[in-house]
Amino acid sequence: MNTKFDLSTVGQGIVYVRPVAVDDLPAEVQAQAEAGGLKQLFAVHNADGDRLALVADRAMAFVLARQHDMTPVTVH
């Protein structure tokens, strides 16, 4: 079967959630996270790898993505 498919649409609407150590973040973000007693945050990235958000826990990252009509998937 030789059917044309537009691959540019693949991955649209998907965001990637991954854990991030607070120590790996800029100093101003570290100060805010450490004030809350956090050692790890969760980053939400688009398909291009741009960081869209940092949140306190994985469940919150998934809720945030779904509230914005995105499909979250976990990346390790």
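> I'd like to hear about the overall build of the protein chain, residue by residue, with values.
The number of helices and strands found in the protein chain is 2 helices and 4 strands. Helices and strands appear in the protein chain in the N-to-C order β-α-β-β-α-β. Here the protein chain holds 76 residues, and 26% of them are scored as buried. When contacts within the protein chain are restricted to residue pairs at least 6 apart in sequence, long-range pairs at least 24 apart make up 43% of them. Carbon and sulfur atoms make up 54% of the accessible area of the protein chain, which totals about 5,500 Å².

> Tell me about helix α2 (residues 58-67), residues and numbers included.
The α-helix winds at 3.6 residues per turn, so residues separated by three or four positions along the chain end up facing the same way. If you check which residues of α2 are buried, you get Ala61, Phe62 and Ala65. Angular distribution of buried residues about the axis of α2 spans 95°; they occupy a single face of the element. Looking at α2, the residues exposed on the side facing more than 90 degrees away from the buried face are Ala59 and Gln67. In this structure, the buried residues of α2 make contact with β1 (14-21), β2 (40-45), β3 (51-55) and β4 (71-74). Remark: Asp69 follows α2 within two positions and exhibits a positive phi of approximately 60°.

What counts and what doesn't
- Residues numbered from 1 in each chain as written.
- Predicted model: local features only at pLDDT ≥ 70, side-chain atom pairs only at ≥ 80, totals over all residues.
- Heavy atoms only, no water.
- Helix = DSSP H or I, 4+ residues; strand = E, 2+ residues; numbered from the N terminus.
- Buried < 20%, exposed > 50% of the residue type's maximum accessible area, 1.4 Å probe, protein only.
- Contact = heavy atoms within 4.5 Å.
- Areas by Shrake-Rupley, 256 points an atom, 1.4 Å probe, with all protein chains shown as cover.
- Arc of directions from axis to C-beta.

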